[in-house]
Amino acid sequence: MIAVLSGGVGAARLLSGLVDVVEPESVVAVVNTGDDLRWNTLYVAPDLDTVTYTLAGLNATTGWGLEGESWRTLETLDRFGAPTWFGIGDMDLATHLYRSEQLAAGRTLSEVTAAIARSLGVRANIVPMSDQPVRTMLTLDGGDEVDFQEYFVHHRHSVAISSVRFAGIEDATASVGALGALEEAESIILAPSNPIVSLGPILALEEISSLLRRRRDHVVAISPIIAGAALKGPADRMLTELGHESTAFGVAELLAHVASAMVIDNADAALAPRIAALGYRVTVRDTVMRDRSTSAALAAATLDLVQTLPIDRA
Ligand code: FO1
C-alpha cells in the first residue's frame, strides 16, 4: 500500500501517474479538508473533489471542476444578485447536493467520499484527513481573518498574509481510513502540494504528525517549489510572507520532522547538499507533470527513492 498526503491539483496529477505504476487499489490518498466550505448551504470539499474527478478522468483543464461543465445555476444566482465568485458548475453541483444530503442523513465524510469515488469509477482509495470540520483561516495584512476560499478565489490570493491557523484542529481526530493507511503503507508520499495550507492542515492533526514522525524513514516529499516559484497557486509568496525560504530548501525545512527523503527539480540541483544536510536522501529530476506519462515517471522515481532507504524493512 502507498499512502499519499494530498492537497488539490498537484497531488491529483501525481496520483494520476501513481495509479499507472502501481495497482490503483493499493493507493490511498489522504486528502486535505481545510479548504472545505459551505456554499449556499451545501458542503463543498474542493481538494477531495479535485482528486476524485482527476482519478475518474473527468477533471477540467483548470485542474479543478469537471470537463464540459455548464454554468446556468451560477448565471441564475447572478440574476438574483447572489454572490457568484465561487465557481460551482451545474454538474459539480450534483456532487455537493448528494454529499450534503448524505452528511445530513448521518453518513460520515469518509463514507460519502468513498461512495462518490466508487460511483465515478475510481479504483484508488480516497479518504478525508478527518471526518470533523477543520477550517484553514488566514490573517491578511491589515488584520482581517478570512477562510481559505475567500483568500484563494475571492481575493485571487493576491493579498499578503501574516498568519495561518486551522480552526477546529484541537477537536478533530484523523479519520480511521487515514490512520490505517498511514500505519500500514510501505511508502508514504507527501505530494507536491502547498506545505502550509494543503499539507499543513493534515500534519496539524496530532495523530498524523506523530505517526509520520515515527515512520519518517518511509516518508518521501516532492517539492512543490521549482527554482523559487510554485507552478500553481501562492505557495511561493506564502512561504516568504510567513518567514520561510521560498525554495525547495524552505519546504524541506518545514517537512524535516516527518520526511526523510525528498525529490527536487533539476533546476534546484544546487540545493541538494543543503537539503541532504537536514537529514534527507535527495533525488534530483524533472518534477514538472506535463501529462500523465511525466506524472507516472515522477511517481516511479519517488517510489524508487523511498523504497531504497537503507533501513531494516523486516
Ligand atoms: N478555484 C478558482 O480559482 N476559482 C473558482 O471559482 C473555484 C471554484 C471551485 C469549485 C469547486 C471546487 O472543487 C474547486 C474550485 N476551485 C476554484 C479550486 C479551489 O479553490 C482550489 O483548487 C483548492 O481549494 C486549492 O487546493
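What counts and what doesn't
Every residue gets a number counted from 1 within its own chain, in the order that chain's sequence is written. pLDDT decides what is reported in this predicted model: residues at 70 or higher carry local features, side-chain atom pairs at 80 or more are listed and counted, and totals for whole chains, interfaces and linings draw on all residues regardless. Side-chain measures here rest on the full set of heavy atoms in the structure, leaving out hydrogens and waters. For the exposure calls, accessible area comes from a 1.4 Å probe over protein chains only, and a residue counts as buried if that area is under 20% of its type's maximum, exposed if over 50%, partly exposed in between. The helix count covers DSSP runs of H or I at least four residues long, the strand count covers runs of E at least two residues long, and both are numbered beginning at the N terminus. Arc, as used here, means the arc of the directions from the helix axis to the C-beta atoms. A pair of strands counts as paired when DSSP detects no fewer than two bridges linking them. Axis lines are fitted through C-alpha atoms, for helices just across the contact stretch, and the angle between N-to-C directions can take any value from 0 to 180 degrees. Near, as used in this document, describes a residue that has one of its heavy atoms within 4 Å of the molecule or strand being considered. Under the rule applied, a polar contact is a pair of N or O atoms within 3.5 Å (in protein, one hydrogen donor and one hydrogen acceptor; residues adjacent in sequence only if both atoms are side-chain atoms). Residues are sorted three ways: Asp, Glu, Lys and Arg are charged, Ala, Val, Leu, Ile, Met, Phe, Trp, Tyr, Cys and Pro are nonpolar, and all the rest, Gly among them, are polar. All tallies of charge rest on Lys and Arg as positive and Asp and Glu as negative; His and the ends of each chain are not included. By definition here, a salt bridge exists when the distance from a side-chain nitrogen of Lys or Arg to a carboxyl oxygen of Asp or Glu is within 4 Å. In this description, contact between two residues means that some pair of their heavy atoms is separated by no more than 4.5 Å. For classification purposes, angles smaller than 35 degrees are called roughly parallel, those larger than 145 roughly antiparallel, those between 65 and 115 roughly perpendicular, and all remaining angles oblique.

> Looking at this structure, I do not really get helix α9 (residues 206-214). What am I missing?
Because an α-helix packs 3.6 residues into every turn, residues spaced three or four apart end up facing the same way. Within α9 the residues assigned to the buried category are Ile208, Ser209, Leu211 and Leu212. Looking down the long axis of α9, one finds its buried residues gathered within 160° of arc, a one-sided arrangement. Every exposed residue of α9 that faces more than 90 degrees away from the buried side is listed here: Glu206 and Arg214.

> Quick question: what am I supposed to make of the sheet that holds strand β6 (residues 135-140) here?
Across a sheet, paired strands are connected by hydrogen bonds in the backbone, their directions being either parallel or antiparallel. Strand order in the open sheet formed by three strands is β7-β6-β8, and the pairing between neighbours is antiparallel. This sheet does not close on itself; its edge strands, each paired only once, are β7 (145-147) and β8 (161-167). Mean inter-strand twist for the sheet, computed between neighbouring axes without regard to direction, equals 30°. As paired strands, β6 and β8 are joined by six bridges and run antiparallel to one another. Pairing of Leu140 across the sheet is with Ile161, part of β8.

> I would appreciate a short explanation of unusual backbone geometry in the present structure.
Most peptide bonds are trans, and most residues other than glycine sit at a negative phi. At Thr41, a position not held by glycine, the phi torsion is positive, near 75°. Judged by its relative accessible area of 63%, Thr41 is exposed. Positive phi is not limited to glycine here, since Ala227 has a value of about 50°. Looking at the element boundaries, Ala227 is found in the loop between β11 (225-226) and β12 (229-230).

> Just to check I follow, could you spell out the site of the ligand for this structure?
Taken together, 13 residues lie around the ligand, and Asp35, Pro46, Asp47, Gly87 and Gln149 are the ones closest in. At 2.8 Å from an oxygen atom of the ligand is found a side-chain nitrogen or oxygen belonging to Asp47. In this structure, an oxygen atom belonging to the ligand sits 2.7 Å away from a side-chain N or O atom of Gln149. Residue assignment for the shell around the ligand shows that the elements contributing at least two residues are α2 (46-55) and α6 (148-154). It is α6 that provides the largest number of residues to the shell around the ligand, a total of four residues. A class-by-class count of the residues in the shell around the ligand yields eight nonpolar, two polar and three charged.

> Hey, could you run me through the side chain of Asp35 in this one?
Along the polypeptide, Asp35 turns up in the loop between β2 (27-31) and β3 (37-39). Here Asp35 sits buried without a salt bridge, and the closest side chain of opposite charge, Arg135, lies 8.4 Å off (N-O distance). Side chain to side chain, Asp35 and Asn32 meet in a polar contact 3.2 Å long. Excluding anything up to four places from it in sequence, Asp35 contacts Pro46, Asp47, Phe148, Gln149 and Val197.

> Honestly, the packing of helix α7 (residues 176-184) against α9 in this entry has me stumped. Any pointers?
Each pair of packed helices can be described by the angle between their axes along with the distance between the axes. Close contact between α7 and α9 brings their axes to 10 Å; oriented N to C, the two are set at 5°. Comparing the axis directions of α7 and α9 gives the class roughly parallel. In this structure, α7 uses Ala178, Leu179, Leu182 and Glu183 to contact α9, whose residues at the interface are Glu207, Ile208, Leu211, Leu212 and Arg214. Grouping the constituent residues of the contact of α7 with α9 by class yields six nonpolar, no polar and three charged.

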